[in-house]
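# A look at the structure
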Amino acid sequence: MTRDVYDEEASAAEHMDVVHEVDDRPTPTARWIDAMRRLNAIDDPLARRLLALHRDCGGGSGPCDAVDDEPEPMDARHSWGCETTEAIAFHFGVSYPGQD
């Protein structure tokens, strides 16, 4: 969600109305924490076991990571980093931060 904010100083300097768009969404870290909390709240026993097996995927040391792939930092990723985790998250309605 964004909102527009009137900039009085810039408007006076430019002799015209200047408005800036401000991003009111939670920070990327807050969105990540919220998504992880929702993922960790899944209580289906099979989903929990699969998530535990794929816990380290996307970080470079999980079973789905290739040996020669460099892990991406959290803020550069665009998905859960593992097809299994992504399928479970999708099934339970948990989107990756920034995808919702």
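Residues numbered from 1 in each chain as written. Predicted model: local features only at pLDDT ≥ 70, side-chain atom pairs only at ≥ 80, totals over all residues. Heavy atoms only, no water.

### Quick notes on the environment of L39
As for its position among the elements, L39 is in helix 2 (residues 28-40). Residue L39 is classed as buried on the basis of its relative accessible area of 5%. Each C-alpha atom, one on L39 and one on V94, is 6.4 Å from the other, the two residues being 55 residues apart in sequence. Residues in contact with L39, not counting those within four places in the same chain, are R48, L51, W80, T85, A89 and V94. (Helix = DSSP H or I, 4+ residues; strand = E, 2+ residues; numbered from the N terminus. Buried < 20%, exposed > 50% of the residue type's maximum accessible area, 1.4 Å probe, protein only. Contact = heavy atoms within 4.5 Å.)

### Here's the deal with the side chain of T85
Structurally, the position occupied by T85 is in helix 4 (residues 83-91). T85 gets classed as buried once you look at its relative accessible area, which sits at 7%. Not counting the four nearest positions on each side in its chain, T85 is found in contact with L39, L51, H54 and W80.

### Re the nonpolar core
One finds W32, A35, L39, I42, A47, L51, W80, I88, A89, V94 and Y96 forming the largest nonpolar core, which totals eleven residues. Among the elements of the structure, helix 2, helix 3 (45-53) and helix 4 are those that each provide at least two residues to this core. (Core = buried A, V, L, I, M, F, W, Y, C linked by side-chain atoms within 4.5 Å.)

### Remarks on the packing of helix 3 against helix 4
Two elements in contact, helix 3 and helix 4, have axes whose closest approach is 9 Å; the angle formed by their N-to-C orientations is 150°. Viewed along their axes, helix 3 and helix 4 adopt a mutual orientation that is roughly antiparallel. Regarding helix 3 and helix 4, the two cross each other, and that crossing is left-handed. The residues of helix 4 that touch helix 3, namely those facing A47, L50 and L51, are T84, T85 and I88. (Axes fitted to C-alpha atoms, helices over the stretch in contact; angles between N-to-C directions. Parallel < 35°, antiparallel > 145°, perpendicular 65-115°, else oblique. Left-handed = near helix turned anticlockwise from the far one by under 90°.)

### Examining the pattern of salt bridges
Close approach of charged atoms allows side chains with opposite charge to pair. Tallied over the full model, the rule gives one salt bridge. For the salt bridge of D34 with R38, the shortest nitrogen-to-oxygen distance reads 3.2 Å. With D34 and R38 both in helix 2 and four residues apart, this pair spans about one turn of that helix. For R38, a relative accessible area of 29% puts it in the partly exposed group. (Salt bridge = Lys/Arg side-chain N within 4 Å of Asp/Glu carboxyl O.)

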